[in-house]
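Read off the chains here:
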Number of protein chains: 2
Amino acid sequence: MPHSELARLLRPVAARSGAAGSGADQGDVRAADVGSGPDDREVLEDRFATAVFSTLTEPGDTDAGALVGALGAARALVGLVERWPPERLAAEVAEADPGAAAVLAPRIADAIDRWTPRLSLAGATRSLESAARVGAVLLTRSHELWPAGFGALGDGAPLALWVRGDAGAMRTLGRSLALVGARAATGYGEHVAMEAAAGLSDRGITVVSGGAYGIDGAAHRAALASDHPTVAFLAGGVDRLYPAGHTDLLTRIAQRGLLVAELPCGSSPTKWRFLLRNRLIAAASAATVVVEAGRRSGSLNTAGHAAAIGRPLGAVPGPVTSPASAGCHRLLREFDAACVTDAAEMAELAGFDDPVSPGSSRGEAARRVALDGVAVDGHPVRVLDALVRTRGRPAHVVASSSGLSVRDVTATLAELELEGRVAEHADGWVKV
Amino acid sequence: MPHSELARLLRPVAARSGAAGSGADQGDVRAADVGSGPDDREVLEDRFATAVFSTLTEPGDTDAGALVGALGAARALVGLVERWPPERLAAEVAEADPGAAAVLAPRIADAIDRWTPRLSLAGATRSLESAARVGAVLLTRSHELWPAGFGALGDGAPLALWVRGDAGAMRTLGRSLALVGARAATGYGEHVAMEAAAGLSDRGITVVSGGAYGIDGAAHRAALASDHPTVAFLAGGVDRLYPAGHTDLLTRIAQRGLLVAELPCGSSPTKWRFLLRNRLIAAASAATVVVEAGRRSGSLNTAGHAAAIGRPLGAVPGPVTSPASAGCHRLLREFDAACVTDAAEMAELAGFDDPVSPGSSRGEAARRVALDGVAVDGHPVRVLDALVRTRGRPAHVVASSSGLSVRDVTATLAELELEGRVAEHADGWVKV
């Protein structure tokens, strides 16, 4: 399948892109058994053009998002390949989407200057070949598996996603939670990450993370041990398993879950790409939980993305004596993150019903136990304070001792007797 | 001084209370060298009547608070001693304070039934003698050392306080913070309590607590090791050092700080009195911090009082694997407590300027570092991502690699060169 699929992707637009004069790049292109109707052709054109366009941009390029949103990837790519002047591209955008044009017009020349140096059909083709080799599938924004949560990213959403593994796992992102944290995790942090990931998976909640050492890895591992898929968003291409020490882990995720990247295959991860990859983790998930993070952990960046798009943000506390938890405590203290201590609380944070232990009633009960010691009727406490087990006390003595009226003492003793907590002996009332 | 002071307190009202027919109780009463002006007489009368009235009630008796507030302790006590019918007492209240009467009138009969069985001049006298023996001083609501924070308790505020130690330490409650927590504390909790109490004391903030085992004791001990007083609110009389294992600690607090109780001397602590004592800790302090608390720790009751009267509430996080921190995590999670990890953050919570490390600017800086990884201009990150140390790269290669225009790359390289982070070699730009 890889090669015929590659050809299927390439054929329609490759023929057109020849107009740009890069004929030498087309040697590998072969006609393949695709449907020949105009709809099929348009879909394939769009998919290929999107794949190529995604090789021109860095993640988070809102100009690219706006341009492709207004014109479609194929038309936008034609404009670049044919070296249209900025005014012509802006005019086409204005016709298609006046709102987008207002934002783009003053920026389009600079954007073209960014994108054009990267135009290379050979590079795009190599990337597609790599994708085909590892069985990666291309998803574009209109695909039914496109994560609904990416809507929050606006024009900054990816143009495309490459997914490797069980693409159907994308559907489970509707019930997912991001577990992230420091690479320099402690045994405590990894333990908590694994407990949480196992508990979430058991609840049918997909654990999303970044495949890194430390917390990410612990979360993925525990999720893999369950029957529920886990999804790792990578900062480079899905053919580049990074970090190298997680090759086995990431391979297993590709087999039993899903690897996802917005960078085309062949792309290496950079600091910038890690920072922008984090927005995908936050946007794909219903909530983000930072399990363990030092004061400057990169996972705080993911937390920042979640907060920026209004997703629930949780942090797991740890010992205040542990620098590895200082970032979590900052999230609790300064960024209004919710304090979450187990999978049930994380599920509640994300707004998922919790079939294991209903959160709301539990929370309510806890609230009552914790803080209503005073609001509750104090008579039983005071009457019991005034009784002993060893000797009977008449009601009037209990009244004086408890500071209650004889009437209230008598009524309260009757209640407590019904509950089996006091009894009346010959010499008076006793605690039982 | 003890006995003459006792007599000084007793004389004026003891003479009057003889009218109630409890002549046998007056054997100990002796005239003493008090000033004979009407003002002195009124003050002494009020102090003695308040002391006696406080032996009739249990803590939190808002009816007593309202009655004494409306009539004064002396007149209220006369009403009780002379066995006025409820209507007469209510009529006097209506004349003095119609608002109080509206609340009290339907409750006064029951209140009289509560208080009357405890009327005993002998008991009150014994309590005063005990107070004199340990050098305890009586403060009433009008005293200049009365804690301003008690205003939040309304009619539920104590009628009187007995203080043992340096009464002037009451003044420091204006800059105080309650450190409370479980008796069943862990080494972690006690360590954090001691660090916090030492840091607060160093900042001139008075550590308030309850003198109990565990967190309370650790906090008091660390505060005693500083030059700043610490204040312990007890659930029984200040002559009853409870728990027995803290006799030495509480004695030292009486010597170098202050023991405070609303119960008269001779009173033993009961469960009810502990619950109500907690409201004094919360109300006396500018903020309450729970250092370590299990899910059902009594210290959560103190937290509830603080929240109920609108005082800032903080909780120190701990390992989620430690049941001893579960109560703190509940406060963070369900009761909107602030996450505090050290003395500086506690001082900030209470609204005290922190001469050691100014909180606000620190918080702002932290905010920027933590979450703005994306909002900041990404060009330097992307240009640095595209450079190596070992080989020069020309600007146009950096442009293609970083996905930026040559113009932006050139400008960014110039900035980075000024910062000494890149250098131009013969073969291009390198990271330094």
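The shown structure was predicted, so the numbers you read here are calculated from the model rather than taken from an experiment. (Residues numbered from 1 in each chain as written. Chains lettered and ligands numbered in written order. Predicted model: local features only at pLDDT ≥ 70, side-chain atom pairs only at ≥ 80, totals over all residues. Heavy atoms only, no water.)

Peer 1: Just to check I follow, could you spell out the sheet that holds strand E9 (residues 338–339) of chain B for this structure?
Peer 2: The strands that make up a sheet are held in pairs by hydrogen bonds between backbone atoms, and each pair lies either parallel or antiparallel. All names here are of chain B. On the basis of which strands lie adjacent, the open sheet formed by nine strands has the order E1-E2-E6-E5-E4-E3-E7-E8-E9 and mixed pairing. With partners counted over all chains shown, the strands left at the sheet margins are strand E1 (137–140) and E9, one partner each. Here strand E8 (residues 313–315) runs beside E9; their pairing, made up of two bridges, is parallel. Each residue of the ladder has a partner; that of alanine 315, found in E9, is cysteine 339. (Pairing = 2+ DSSP bridges. Helix = DSSP H or I, 4+ residues; strand = E, 2+ residues; numbered from the N terminus.)

Peer 1: Sorry, what's going on with the nonpolar core here?
Peer 2: Proteins that are soluble and globular tend to have nonpolar side chains buried together. A:Phe233 and B:Phe233 are the most contacted members of the largest nonpolar core, which has 70 residues in total. What A:Phe233 contacts, discounting residues up to four positions off in sequence, is A:Phe150, A:Leu173, A:Val208, A:Ser209, A:Gly210, A:Val260, A:Arg277, A:Leu280, A:Ile281 and A:Ala284. (Core = buried A, V, L, I, M, F, W, Y, C linked by side-chain atoms within 4.5 Å. Buried < 20%, exposed > 50% of the residue type's maximum accessible area, 1.4 Å probe, protein only. Contact = heavy atoms within 4.5 Å.)

Peer 1: What am I meant to see in the interface of chain A and chain B here?
Peer 2: Counting residues at the interface gives 58 residues for chain A and 58 residues for chain B. Contact between chain A and chain B buries roughly 5300 Å² in total, counting both sides, with carbon and sulfur atoms accounting for 60%. Across the chain A-chain B interface, the total number found is eight salt bridges. Across the salt bridge formed by A:Glu345 and B:Arg333, the nearest N and O atoms sit 3.4 Å from each other. Our count for the chain A to chain B interface comes out at 24 residue pairs in polar contact (both at pLDDT 80 or more). The element best represented in the side of chain A that touches chain B is helix H16 (residues 359–371) of chain A, accounting for seven residues. Across the side of chain A that touches chain B, the residue classes tally to 22 nonpolar, 17 polar and 19 charged. (Buried area = accessible area lost by both parts, 1.4 Å probe. Salt bridge = Lys/Arg side-chain N within 4 Å of Asp/Glu carboxyl O. Polar contact = N/O pair within 3.5 Å; in protein donor to acceptor, adjacent residues only side chain to side chain. Nonpolar A, V, L, I, M, F, W, Y, C, P; charged D, E, K, R; others polar.)

Peer 1: Please clarify how the relation of the copies chain A and chain B should be interpreted in this entry.
Peer 2: Note that the two copies of the chain are related through a rotation about an axis and a translation along the same axis. Relative to chain B, chain A is turned by 180° and slid 0.0 Å along the rotation axis, the superposed coordinates differing by an RMSD of 0.2 Å. Overall, the copies show the geometry of a two-fold rotation axis. Most of the interface of chain A is mirrored in chain B: 100% of its interface residues are interface residues there too. (Least-squares fit on C-alpha atoms with pLDDT ≥ 70 in both.)

Peer 1: What should I look at first to understand the pattern of salt bridges in this one?
Peer 2: On inspection of all chains with the given rule, the structure shows 30 salt bridges over all chains. Two residues, B:Arg75 and B:Glu92, come together in a salt bridge whose shortest N-O distance is 2.9 Å. Placement of the pair is B:Arg75 in helix H4 (residues 73–81) and B:Glu92 in helix H5 (residues 86–96), with a sequence separation of 17 residues. Since its relative accessible area comes to 32%, B:Arg75 is described here as partly exposed. Through salt bridges with shared partners, a single network forms among A:Asp61, A:Asp63, A:Arg107, A:Asp110, A:Asp113, A:Arg114 and B:Arg407.

Peer 1: Sorry, what's going on with the sheet that holds strand E9 (residues 338–339) of chain A here?
Peer 2: All names here are of chain A. What the nine strands build is an open sheet, ordered E1-E2-E6-E5-E4-E3-E7-E8-E9; its pairing is mixed. Of all strands in the sheet, those bounded by a partner on one side alone are strand E1 (137–140) and E9. With respect to the sheet, helix H11 (residues 247–256) is in contact with strand E2 (160–165), strand E5 (230–233) and strand E6 (258–261), its orientation differing from that of E6 by roughly 105°. (Axes fitted to C-alpha atoms, helices over the stretch in contact; angles between N-to-C directions.)

Peer 1: Explanation requested: the environment of A:Arg183 in the structure shown.
Peer 2: All names here are of chain A. Tracing the sequence through the fold places arginine 183 in the loop between strand E3 (176–180) and helix H9 (187–202). The exposure class of arginine 183 is exposed, given its relative accessible area of 61%. Along the backbone, arginine 183 and glycine 217 are 34 residues apart, and their C-alpha atoms lie at a distance of 8.6 Å. Residues contacting arginine 183, with those up to four places away along its chain left out, are Ala212, Tyr213 and Gly214.

Peer 1: What exactly am I supposed to notice about the side chain of B:Arg382 here?
Peer 2: One can find B:Arg382 in helix H17 (residues 379–385). For the buried B:Arg382, no salt bridge exists, and the shortest N-O distance to an oppositely charged side chain is 4.9 Å, to A:Glu58. A distance of 3.4 Å separates the side chain of B:Arg382 from the backbone oxygen of B:Gly403, its partner in a polar contact. For B:Arg382, the contacting residues outside a window of four places in its chain are A:Glu58, A:Trp272, B:Ser402, B:Gly403 and B:Leu404. (Lys, Arg positive; Asp, Glu negative; His and termini not counted.)

Peer 1: Just checking my understanding: could you explain the packing of aromatic side chains for this structure?
Peer 2: All names here are of chain A. Evaluation of the coordinates by the stated rule reveals eight aromatic pairs over all chains. Ring centres of tryptophan 146 and phenylalanine 150 lie 5.7 Å apart, and the angle between their planes is 85°; on these two criteria the pair is classed as edge-to-face. Under the relative-accessibility criterion, tryptophan 146 is labelled buried at 14%. Of the residues examined, phenylalanine 150 reaches a relative accessible area of 1% and is grouped as buried. Centroid distance tyrosine 242 to phenylalanine 274: 5.8 Å. Interplanar angle 55°. Geometry classified as tilted. Here tyrosine 242 is found in the loop between E5 and H11, whereas its partner phenylalanine 274 is found in helix H12 (residues 271–284), with 32 residues between them in sequence. (Phe/Tyr/Trp six-rings, centres within 6.5 Å; stacked < 30°, edge-to-face > 60°.)

Peer 1: What is the right way to look at the side chain of A:Ser267 in this model?
Peer 2: Residues and elements named next belong to chain A. As for its placement among the helices and strands, serine 267 is situated in the loop between E6 and H12. Judged by its relative accessible area of 12%, serine 267 is buried. In contact with serine 267, other than residues within four places in its own chain, are Gly236, Gly237, Arg240 and Arg273.

Peer 1: So what exactly am I meant to see when it comes to helix H14 (residues 326–334) of chain A here?
Peer 2: Note that an α-helix has 3.6 residues per turn; residues three or four places apart therefore point the same way. With eight of its nine residues buried, H14(A) lies for the most part within the structure. Taken together, the buried positions of H14(A) are occupied by A:Ala326, A:Gly327, A:Cys328, A:His329, A:Arg330, A:Leu331, A:Leu332 and A:Glu334.

Peer 1: It is not clear to me how the pairing of strand E10 (residues 422–425) of chain B should be interpreted in this structure. Could you clarify?
Peer 2: On a regular strand, each side chain points to the face opposite its neighbour's, so the side chains alternate between the two faces of the sheet. Residues and elements named next belong to chain B. Both E10 and strand E11 (residues 428–431) contribute to a ladder of four bridges, which runs antiparallel. In the strand pairing of E11, glutamate 424 is matched with tryptophan 429. What sits between E10 and E11 in their antiparallel hairpin is a turn of two residues.

Peer 1: Is there a simple way to explain the packing of helix H10 (residues 215–224) of chain A against H11(A) in this structure?
Peer 2: In helix packing, the relevant descriptors are the interaxial angle and the interaxial distance, both defined with respect to the helix axes. All names here are of chain A. With their axes 11 Å apart at the nearest point, H10 and H11 run at an angle of 40° to one another. Comparing their axes, H11 and H10 come out oblique. Helix-helix and strand crossings are classified by hand; for H10 and H11 the assignment is left-handed. Residues Gly217, His220, Arg221 and Leu224 of H10 form the contact with H11, whose participating residues are Leu249, Arg252, Ile253 and Arg256. A class-by-class count of the residues in the contact of H10 with H11 yields three nonpolar, two polar and three charged. (Parallel < 35°, antiparallel > 145°, perpendicular 65-115°, else oblique. Left-handed = near helix turned anticlockwise from the far one by under 90°.)

Peer 1: What is the right way to look at helix H18 (residues 395–402) of chain A in this model?
Peer 2: Residue and element names in this part refer to chain A. Of all the residues in H18, the buried ones are Ala395, Val398, Ala399 and Ser402. Mapping the buried residues of H18 onto a view down its axis gives an arc of 105°, with all of them on the same face. Buried residues in H18 make contact with helix H17 (379–385), helix H19 (406–418) and strand E11 (428–431). (Arc of directions from axis to C-beta.)

Peer 1: How should the pairing of strand E5 (residues 230–233) of chain B be read in this particular structure?
Peer 2: All names here are of chain B. On E5, burial covers both faces: Thr230 and Ala232 on one face and Val231 and Phe233 on the other are all buried. In the classification by handedness, the crossover that spans strand E4 (residues 206–209), the intervening helix H10 (residues 215–224) and the parallel E5 is right-handed. One ladder, built from three bridges, connects E5 with strand E6 (residues 258–261); its direction is parallel. Bridging across to E6, alanine 232 finds its partner in leucine 259. Taken together, E5, helix H11 (residues 247–256) and E6 form a β-α-β motif whose crossover is right-handed. (Right-handed = clockwise from strand over helix to strand, strands pointing away.)

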